[in-house]
2 protein chains.
Amino acid sequence: MSYGYHNKILRVNLSTGEIGVEQPGERFFRTYFGGWGMIAFYLLKELPPRSDPLGAENVLVFAPGIITGAPVGGSGRSAVGAKSPLTGGFGAAEVGGFWGAELKRAGWDGIVVTGQAEKPVYLYIKDDQVEIREATHLWGKETAEVDNTLKEELGDGRIRVAQCGIAGEHLVRYACVISDVNRAAGRTGLGAVMGAKRLKAIAVRGSGRTEVADQDRVRQVAEWLRDHFKETWALGLHENGTDHGLIELNDAGGLPTRNFQEGSFEGALKITGQTMTETILVGRDTCYACPITCKRKVQATGRYQVTPVYGGPEYESVAALGSCCGIDDLEAIAFGNQLCNTYGLDTISTGVTIAWAMECFERGLLTPADTGGLELRFGNTAAMLTLIEQIARRQGFGHLLAEGSLRAARQIGRDTERYAMQIKGQEIPMHEPRIKFALSLGYATSPTGADHMHNIHDDSYTSEEGIEGIRSLGILEPLPFDYLGPEKVRLTKYHIDWQVLCNCLCQCMFMPYRREQVLDIVQGVSGWDCSLFELMKVGERAMAMARVFNYREGLTPQDDVAHWRFSTPFESGPKKGVLVPAGDIARAIELYYGMQSWDDQTGAPTAAKLHELGIGWVAALL
Amino acid sequence: MSYGYHNKILRVNLSTGEIGVEQPGERFFRTYFGGWGMIAFYLLKELPPRSDPLGAENVLVFAPGIITGAPVGGSGRSAVGAKSPLTGGFGAAEVGGFWGAELKRAGWDGIVVTGQAEKPVYLYIKDDQVEIREATHLWGKETAEVDNTLKEELGDGRIRVAQCGIAGEHLVRYACVISDVNRAAGRTGLGAVMGAKRLKAIAVRGSGRTEVADQDRVRQVAEWLRDHFKETWALGLHENGTDHGLIELNDAGGLPTRNFQEGSFEGALKITGQTMTETILVGRDTCYACPITCKRKVQATGRYQVTPVYGGPEYESVAALGSCCGIDDLEAIAFGNQLCNTYGLDTISTGVTIAWAMECFERGLLTPADTGGLELRFGNTAAMLTLIEQIARRQGFGHLLAEGSLRAARQIGRDTERYAMQIKGQEIPMHEPRIKFALSLGYATSPTGADHMHNIHDDSYTSEEGIEGIRSLGILEPLPFDYLGPEKVRLTKYHIDWQVLCNCLCQCMFMPYRREQVLDIVQGVSGWDCSLFELMKVGERAMAMARVFNYREGLTPQDDVAHWRFSTPFESGPKKGVLVPAGDIARAIELYYGMQSWDDQTGAPTAAKLHELGIGWVAALL
């Protein structure tokens, strides 16, 4: 008997209609763990190099991890991956909720989707029963309607649905995969990959469970979390959601404001998690097995009709659609968030692409002639909401914005690319390097482009308390936020390797666990005699594979760049004058390359490093 | 309060007579742990580059580890280090017994000896009381007499004495440091460094202890060992000592015989641990806190007067003075071992240097004119014993052999260097690469030259049972002994990093602990929240520092070579025809360099690797 995995990967070829089962065996699961590792494995093994990410060749992987579905907080997540239509490189996004756990309950450790359907289809999975079904009636429909329709026509209200939304259908390059209507595998445009494959949705229902080797051990962690999370920083998540920290970021001078031109926002108090709690909050929601309930249910019935069904905005969404666009109307932001979930748009790329257009407009680089008459000034709430609608359906000016800020800027020209806040084509999330210098390094070198899901929020490590969780890796001293020397680079490497591990495990980063408790979960679930050493290597391995993938797809070290804006000083606010020196970043990148054993010509890990990670077959791809 | 260390390093300058105390602080101990790490630290910090190892400049470090003296099996060891007079590079040797634990009991975490005394001296340490005392009356005396004299004149029979022996006084390049008369910090010639400094001995007595943070946790491991070691392979150690495995090596065709010309010895049965038990064994001895009692007490009163005081021969000594010299007389071997302990000679280098001379003699490259009339044929027991006497006092032909086989061969010329079984000038220990291919790699790249104390005996990893202990590092499958491809190189790296960690901790390699039990000991003793990841980094760090030291002293990648003999086939025996292909070794070394991030021009780790290991100050030495 296996624990943590069923040894069953579902294979679906949408071109031929073939459905198959792959049983990769224990070594596969112990080497890759799921999530990023599993995605990178299939992309490297099966995707023909230089394929069109929106073509039939792309390989779309739904990848929970070995702990997904285990009865312990943080195990509700799963990952989705493919070659990214946004970056042209490794595409992966993680998502909470219940869908991944349901897939495991149905007995599947992952789904590898290849080919392209002639007509819209959805996949229906009920335990061993798997069908490709026609979805013409779902095409063009909003996510909630799709969700409801599937539950009705399949006669099971407990079905879990992941879907691509209208934005995915229209191949918006930052369309996301939405599950349960209100959870987004947001980044790198994987909804567009679903759309390109004409795969509208995957409806899953399972009657089994994730088998756990040592129930007591897993239960101990679960009970610790339940009984003690309120004594940790997770209390803030429970009380005011992920947006709870917005005000601290603003006070620190690092709340992305008006397309990152500023770091503090005069309207910050109006859009904090605290304010959300006091105004539009009507309930708290959570993910599989998690007591923290950081998810929001919000409602508004005035100027904007916001229903609790679509969930409340996370911090990233509040800041991207709010401060980054100069908007301080929380109801409008919640409505914008609802629209994104309705259509399947990544709120970060959506907000930052709109903010780019606003900055260009204010600088006179865009005019109403470009925007279809929209006055794209910061703070123009109506324009922001209109653009979301336009982007999702590729209408009007939204057709251009649906390409993402980099491609849009390149089409427009006129020096607009300068203001596209993106790296490798992916828009920068709501974490400001000037208050967390190491982010410059992490953003620049991430294989998915600017991404916060495996990156270092190094404000965490500036205090003795902050390094508590990572000290068992040998990080003995806190470091200042504005230091980017060798010790910070080392800390960044260890932190990112760990975060990528979490993206393989599909372990939520918001759990206030010590490293050893994560090890307890992994050992308890799988029964494997892993160590933290092995876990770190799993993260390093998946990162290495993603970098080899990018190399193969034509990305180079020249794509590992920081954004110039963060090397200019804030002109106002608490961090007035602060900048991340470009020379520091360049040195940090060079050092990080060395620490990761990345070749400075190719940007890929050396063959020796790949062998050291136990993946010699990947070295053969160099 | 600190645990595992006192934060007190004793500084002794023999040139000035100054005695001082250094308090390097917690970060030092958590970064280096002791042993190799501490030695490498002081050598890199304080030894002027390219110093004469036998000059006053050499820095001699006595370095227990953070677990030395803790009440748990395997904690009886300590290390000694300096620039090696044998290799010209990093010199370090580890030793069991009680001396290291006594030093910790006296409140010291290490001793750094610099300078050179004008007249022979010894160091007397009784807790805080430290004195440099004249030792003229001890000079030229045998180890047992020195030990007894010191106990008498200091009026304390429980004093523990480490000393250099007559061989050290005579600057024999492979003189060792003997403690308790019968334990040898054998390799790399550290006894000669003591001799050169005119430091005859260090007598220690302490009334304190190694403070332990979590007594229960440490006790649990200690009790597990006591109650269960007989269910493990350590049973063989208890019953028949380290020599218990000689017969298996012989049966496998890998018992070094007649200077490694052969792998099986017709007289093997006469010199096994089993035979020792049945013939000359009169008792079992042990190290501090260890229930295994692998040490032998042997006695002979016939042709050779062997007293239990000097201890029985270990496997290395039996094979080096026995099969490697073609000698199957166990009493003679025990007597040879006693002579080595009497004079302070490393039995391995002694035996292999004599075996070299024998092979040269048999090939006609040495004649009685060279040897002072000795008929140096394999199996000539009397000649072997005579040469030990001569070497220790640098008399006759022994004066040349006291230089070690490489230097001796270079003085002799006549193609004799070809038969010197050494790497970097240090004689190869009693483990044959042709039955453990990975040893070729480990011997070639070890910073101390051919050395078994941090090397891979990869016959351990050829079975599912064999990888049990290392699987938590992610090594999932056993590998055949005669495979030297990338997966074996990876296994070798992980194994060696771990062994070097043990040489920092001063954890005995013969404990049948799982990796996690060692972690229990480290955490239990120190109270630190270490992980196995951190422990592996401690080993990698000390190795990296040793490599930088060698680079600084002028060693290059050209010194990382395998011995040609192992790439020629055995002409007979169970492994007839087996050889380690030279191309395999070259490829393995190249790959290992990459995995360790060693620069192929310098042989030293890259600056990035040193920063990743948290020792940026070492990068400044490149």
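All figures in this text were calculated on a predicted structure; none of them were measured in a lab. (Residues numbered from 1 in each chain as written. Chains lettered and ligands numbered in written order. Predicted model: local features only at pLDDT ≥ 70, side-chain atom pairs only at ≥ 80, totals over all residues. Heavy atoms only, no water.)

Participant: Let's hear about the pattern of salt bridges: which residues, and what values?
Facilitator: Two side chains carrying opposite charge are able to pair once their charged atoms lie near each other. Scanning the model with the defined rule gives 100 salt bridges over all chains in all. Taking the shortest distance from any N to any O, the salt bridge between A:R471 and A:E464 comes out at 3.9 Å. For A:R471, a relative accessible area of 17% puts it in the buried group. For A:E464, a relative accessible area of 47% corresponds to the partly exposed category. The residue B:K537 makes a salt bridge to B:E612 at a minimum N-O spacing of 3.1 Å. Linking B:K537 in helix α21 (residues 532-552) with B:E612 in helix α23 (residues 607-612), this pair joins segments that are 75 residues apart in sequence. Via salt bridges that share partners, A:R30, A:D529, A:E534, B:E464, B:E468 and B:R471 belong to a single interconnected network. (Salt bridge = Lys/Arg side-chain N within 4 Å of Asp/Glu carboxyl O. Buried < 20%, exposed > 50% of the residue type's maximum accessible area, 1.4 Å probe, protein only. Helix = DSSP H or I, 4+ residues; strand = E, 2+ residues; numbered from the N terminus.)

Participant: Please provide a residue-by-residue account of the environment of B:R77, values included.
Facilitator: Residue and element names in this part refer to chain B. Checked against the element boundaries, R77 lands in the loop between β3 (60-64) and β4 (78-83). Taking the C-alpha atoms as reference points, R77 and I67, separated by 10 residues in sequence, lie 8.9 Å from one another. The residues touching R77, leaving out its near neighbours within four places in the chain, are T68, E94, V95, G96, M453, C506, Q507 and C508. (Contact = heavy atoms within 4.5 Å.)

Participant: Tell me about the relation of the copies chain B and chain A, and name the residues and values.
Facilitator: Note on the identical chains: chain B maps onto chain A by a rotation of 180° and an axial translation of 0.0 Å, with an RMSD of 0.0 Å. Interpreted geometrically, this transformation is the action of a two-fold axis. Relative to the rotation axis, the C-alpha of B:F533 is the closest in chain B, positioned 2.1 Å from it. A share of 100% of interface residues in chain B that are also interface residues in chain A marks the association as one of identical surfaces. (Least-squares fit on C-alpha atoms with pLDDT ≥ 70 in both.)

Participant: I'd like a description of the confidence of the model for chain A, backed by residues and values.
Facilitator: For residues with low pLDDT, the predicted coordinates do not support detailed interpretation. For chain A, the average pLDDT comes to 97, and 100% of its residues sit at 70 or higher. Of the two predicted TM-score estimates for the complex, the pTM is 0.97 and the ipTM is 0.96. (pLDDT = per-residue confidence, 0-100.)

Participant: Which residues make up the sheet that holds strand β10 (residues 177-179) of chain A, and what values go with them?
Facilitator: All names here are of chain A. Strand order in the open sheet formed by 6 strands is β8-β7-β12-β9-β10-β11, and the pairing between neighbours is mixed. Since the sheet does not close on itself, it has two edges, and those belong to β8 (129-134) and β11 (183-185), each with one partner. The average angle at which neighbouring strand axes cross in this sheet is 20°, direction not considered. Two strands pair when backbone bridges link them, and strand β7 (residues 121-126) and strand β12 (residues 199-205) are joined in this way by 6 bridges, in the parallel orientation. Counterpart to K126 in the pairing with β12 is R205. (Pairing = 2+ DSSP bridges. Axes fitted to C-alpha atoms, helices over the stretch in contact; angles between N-to-C directions.)

Participant: Before we move on, could you go through unusual backbone geometry and cite the residues and values that matter?
Facilitator: Residues and elements named next belong to chain A. Residue R50 is not a glycine yet carries a positive backbone phi of 60°. Relative to the assigned elements, R50 resides in the loop between α2 (35-46) and β3 (60-64). Backbone geometry places S597, a non-glycine residue, at a positive phi of 55°. Structurally, S597 can be placed in the loop between α22 (582-596) and α23 (607-612).

Participant: Which residues make up the packing of helix α13 (residues 347-362) of chain B against helix α15 (residues 381-393) of chain B, and what are the values?
Facilitator: Residues and elements named next belong to chain B. Contact geometry for α13 and α15: axes closest at 11 Å, N-to-C directions at 120°. Looking at the two axes, α13 sits oblique to α15. As α13 runs across α15, the sense of the crossing is right-handed. Of α15, the residues touching α13 (which contributes T350, I354 and M358) are M384, L387, I388 and I391. Looking at the contact of α13 with α15, its residues break down into 6 nonpolar, 1 polar and no charged. (Parallel < 35°, antiparallel > 145°, perpendicular 65-115°, else oblique. Left-handed = near helix turned anticlockwise from the far one by under 90°. Nonpolar A, V, L, I, M, F, W, Y, C, P; charged D, E, K, R; others polar.)

Participant: Lay out the pairing of strand β4 (residues 78-83) of chain A with the relevant residues and their values.
Facilitator: Residues and elements named next belong to chain A. Across the 6 residues of β4, 6 count as buried, placing the element largely inside the fold. Two strands pair when backbone bridges link them, and β3 and β4 are joined in this way by 4 bridges, in the antiparallel orientation. Among the inter-strand pairings, V61 is bridged to a residue of β4, identified as G81. Across 6 bridges, β4 lies against strand β5 (residues 90-95) in antiparallel orientation. Looking at β5, one finds that V80 is bridged to A93. Between β4 and β5, which pair antiparallel in sequence order, lie 6 residues; one of them, G88, sits at a positive phi of approximately 75°.

Participant: Explain the interface of chain B and chain A to me, using residue names and the numbers behind them.
Facilitator: Contacts between chain B and chain A engage 34 residues on the former and 34 residues on the latter. In this assembly, chain B packs against chain A so that about 2,800 Å² is buried in total across both faces, 59% of it on carbon and sulfur atoms. By the criterion of area lost to chain A, the three top residues of chain B are B:R27, B:F533 and B:E612, representing 21% of everything that side buries. Inspection of the chain B/chain A interface yields 4 salt bridges. Counting the contacts that link chain B with chain A gives 10 residue pairs in polar contact (both at pLDDT 80 or more). In terms of residues, the side of chain B that touches chain A owes the most to one element, α21(B), which gives 6 residues. Split by residue class, the side of chain B that touches chain A holds 12 nonpolar, 8 polar and 14 charged. (Buried area = accessible area lost by both parts, 1.4 Å probe. Polar contact = N/O pair within 3.5 Å; in protein donor to acceptor, adjacent residues only side chain to side chain.)

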